[in-house]
Amino acid sequence: MSAEIILLPYIIESLSDLLDTATTTGTRLGYSMKKITPLAVKPIEPRFRQIELAVNNSEVVANGLAEEEQLEFTKGNITITFKRDERKRLSVCVSGTTKTEEELRQAGTEFAHRLVQQYVYQKIKRELQQRKFVITEEETTPQNVIRLKVRHW
């Protein structure tokens, strides 16, 4: 008998947890990260193609950012920027020079979903450890589904 449970985090940790998770996720996907403070924000050059994305469950990331603070990830000629807007929602902007809108949308969506997944994954592991559960098996499928088997004595 088996069961699958989908858990969403209900407590947001500090900004350092978000930065650690974002850095790890970005590195695994081949991006480099730059944190931008409000004073350092520069407008995107007009030669870039730019799209805005709505990402489900992205509020877990947005709560880890200070207002008007940004996380910027670059891979080749694609730049993905996460920032909180004035309504405290996460805004994801993907820009690049030699990419189509669909290529930018695909890159941004993949990155954003993986970032949210990794953030939730780290939260669940910490919560399991705090509640004295032991992870007996961990598997990541080719579709990037993470499965954990846990035991409690």
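Below is a summary of the structure that appears in this document.

Quick notes on the rules
- Residues numbered from 1 in each chain as written.
- Predicted model: local features only at pLDDT ≥ 70, side-chain atom pairs only at ≥ 80, totals over all residues.
- Heavy atoms only, no water.
- Core = buried A, V, L, I, M, F, W, Y, C linked by side-chain atoms within 4.5 Å.
- Buried < 20%, exposed > 50% of the residue type's maximum accessible area, 1.4 Å probe, protein only.
- Helix = DSSP H or I, 4+ residues; strand = E, 2+ residues; numbered from the N terminus.
- Contact = heavy atoms within 4.5 Å.
- Salt bridge = Lys/Arg side-chain N within 4 Å of Asp/Glu carboxyl O.
- Pairing = 2+ DSSP bridges.

Concerning the nonpolar core
Ranked by size, the top nonpolar core spans 19 residues in total, and within it Tyr31, Ile80, Phe82, Val94 and Phe111 carry the most contacts. Of all the secondary structure elements, the ones that give two or more residues to this core are strand 2 (49–53), strand 3 (70–75), strand 4 (78–84), strand 5 (90–96) and helix 3 (101–130). In terms of residues, this core owes the most to one element, helix 3, which gives 5 residues. If we skip the residues at most four places from it in the chain, Tyr31 touches Gly26, Phe73, Thr74, Lys75, Ile78, Ile80, Ala107 and Phe111.

Some details on unusual backbone geometry
One non-glycine residue with positive phi stands out, namely Lys132, at about 65 degrees. On the secondary structure map, Lys132 appears in the loop between helix 3 and strand 6 (133–140). For Lys132, a relative accessible area of 63% puts it in the exposed group. One non-glycine residue, Asn144, lies in the positive phi region at around 65 degrees. Structurally, Asn144 is set in the loop between strand 6 and strand 7 (146–152).

A few points about the pattern of salt bridges
Scanning all chains against the criterion turns up 4 salt bridges. Measuring nitrogen to oxygen at the nearest pair gives 3.9 Å for the salt bridge that ties Lys149 to Glu137. Here Glu137 lies in strand 6 and Lys149 lies in strand 7, a separation of 12 residues in the sequence. Judged by relative accessible area, Glu137 falls into the partly exposed class, the value being 39%.

Section: the pairing of strand 6
Here 7 bridges tie strand 6 to strand 7, and the two strands are oriented antiparallel to one another. In the strand pairing of strand 7, Val134 is matched with Arg151. Following strand 6, the chain reverses through 5 residues before pairing antiparallel with strand 7; Asn144 in that reversal takes a positive phi of roughly 65 degrees.

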